[in-house]
Amino acid sequence: NYLDLKQAIKDIADKSLWISIDEDEETLLRWIEKPYINKKSGTIKIRLDNDMKPYLLQLKRNFTRYELIWTLHFKSKYSVRLYELISSIHYHELQPYERSFSLDELRRLLNAENYTTYQTFKTRVLIPATTEINNYSNKNVSYDLIRKGKAVVGIKFTVSSKDTMEMVKLRSDIEKEMGMDQMTLWEELEQDGIVRYL
């Protein structure tokens with residue numbers, strides 16, 4: 001394990017990329033400037049390349065966090081993309097949120113630009129993605145069409161979080177199915193008699 005860890009750190013340290021500083025100057029950036037491993041305490045300290053700081057701050061600002069468990073049952077790649085999109089706009093878990101996208105913008109964000117008609121986009125992307133998100137994730141999502149005359153020109157999403165007990169049950173089912181836990185949280189609540197009172 002120790003040798004694997006050293007190799008993994010070396011692999012990251014050896015990766016580099018050229019970036020433009022300005023119109024006339026480029027530099028080679030590496031993720032890790034210097035690693036320190038203390039074998040006695042088992043700690044690792046990594047000093048990142050100082051020139052990476054602006055890019056890491058930008059990454060932090062544009063980063064969407066979510067638990068991978070909520071996407072494990074998704075079969076459509078568009079379900080994952082739509083889940084990431086709605087997770088990035090649904091900041092306040094306790095309140096529903098609405099957001100509209102033009103049809104072209106939504107196709108681009110979901111990387112589904114090859115579905116040029118609304119009907120194929122709806123059949124191949126929207127219906128499978130919203131169904132899987134509603135069935136297997138901690139979010140509920142619905143959508144309304146924005147029309148210009150008869151043509152669909154945009155989609156308005158309404159996003160909300162499932163209630164706590166529904167999330168606990170769903171998560172426990174996923175963990176059990178994936179063999180992640182011997183006794184799920186839901187089973188523990190049932191065993192303790194808590195579920196009967198909720």
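Look above for the structure.
Residues numbered from 1 in each chain as written. Predicted model: local features only at pLDDT ≥ 70, side-chain atom pairs only at ≥ 80, totals over all residues. Heavy atoms only, no water.

Peer 1: Hey, could you run me through the pairing of strand β3 (residues 32–38) in this one?
Peer 2: Here is the key point about a regular strand: its side chains alternate between the two faces of the sheet. With six bridges connecting them, β3 and strand β4 (residues 43–48) associate as antiparallel partners. Bridge pairing links Ile-32 to Leu-48 in β4. Here β3 folds back onto β4, and the loop between the two strands holds four residues, one of which, Gly-42, carries a positive phi near 75 degrees. (Pairing = 2+ DSSP bridges. Helix = DSSP H or I, 4+ residues; strand = E, 2+ residues; numbered from the N terminus.)

Peer 1: Please explain the sheet that holds strand β5 (residues 97–102) as it appears in this structure.
Peer 2: Within a beta sheet, neighbouring strands are joined by backbone hydrogen bonds and run either parallel or antiparallel to one another. Spatially, three strands are ordered β5-β7-β6 in an open sheet, and the strand pairing comes out antiparallel. The open sheet has two free edges, formed respectively by β5 and β6 (139–148), since each of these has just one partner strand. Averaged over all adjacent pairs, the angle separating strand axes in this sheet is 25 degrees, with direction ignored. As paired elements, β5 and strand β7 (residues 151–161) share six bridges and run antiparallel to each other. For Tyr-97, the partnering residue across the bridge sits in β7 and is Val-159. Along the sheet, helix α5 (residues 118–136) makes contact with β6 and β7, crossing β6 at roughly 160 degrees. (Axes fitted to C-alpha atoms, helices over the stretch in contact; angles between N-to-C directions. Contact = heavy atoms within 4.5 Å.)

Peer 1: Quick question: what am I supposed to make of the nonpolar core here?
Peer 2: If you look at soluble globular proteins, the nonpolar side chains tend to sit buried side by side. Grouped together as the largest cluster of nonpolar side chains are 28 residues, with contacts concentrated most on Leu-82, Leu-106, Leu-110, Phe-121 and Phe-157. Among the elements of the structure, α3 (77–89), α4 (103–109), α5, β7 and α6 (164–177) are those that each provide at least two residues to this core. Residues in contact with Phe-157, not counting those within four places in the same chain, are Leu-82, Tyr-97, Glu-98, Arg-99, Phe-101, Leu-106, Leu-126, Val-141, Ser-142 and Tyr-143. (Core = buried A, V, L, I, M, F, W, Y, C linked by side-chain atoms within 4.5 Å. Buried < 20%, exposed > 50% of the residue type's maximum accessible area, 1.4 Å probe, protein only.)

Peer 1: Looking at this model, I keep getting lost on the packing of aromatic side chains. Mind explaining?
Peer 2: With the rule as written, the count across this model stands at four aromatic pairs. Taking 6.0 Å as the distance between ring centres and 75 degrees as the angle between the ring planes, the aromatic pair formed by Tyr-78 and Tyr-115 counts as edge-to-face. With Tyr-78 in helix α3 and Tyr-115 in the loop between α4 and α5, the pair connects residues that are 37 residues apart, well separated along the chain. In this structure, Tyr-78 and Tyr-115 share a single accessibility class: buried. Taking the centre distance of 6.1 Å and the plane angle of 65 degrees together, the rings of Phe-101 and Phe-157 count as edge-to-face. Taken together, the residues Phe-101 in strand β5 and Phe-157 in strand β7 connect sequence positions 56 residues apart. An identical accessibility class is assigned to Phe-101 and Phe-157; each is buried. Site record: aromatic cluster; members linked through ring pairs are Phe-101, Tyr-143 and Phe-157. (Phe/Tyr/Trp six-rings, centres within 6.5 Å; stacked < 30°, edge-to-face > 60°.)

Peer 1: What exactly am I supposed to notice about the pattern of salt bridges here?
Peer 2: Oppositely charged side chains are able to pair whenever their charged atoms sit close together. Scanning all chains against the criterion turns up five salt bridges. Between Arg-47 and Glu-33 there is a salt bridge; the shortest N-O distance is 2.9 Å. In this pair, Arg-47 is assigned in strand β4 and Glu-33 in strand β3, connecting sequence segments 14 residues apart. On the accessibility criterion, Glu-33 (43% relative accessible area) is partly exposed. Between Lys-169 and Asp-173 there is a salt bridge whose closest N-O contact spans 3.0 Å. Residue Lys-169 and its partner Asp-173 are both found in helix α6; the two are separated by four residues, about one turn of the helix. On the basis of relative accessible area, Lys-169 is assigned to the partly exposed category, the value being 31%. (Salt bridge = Lys/Arg side-chain N within 4 Å of Asp/Glu carboxyl O.)

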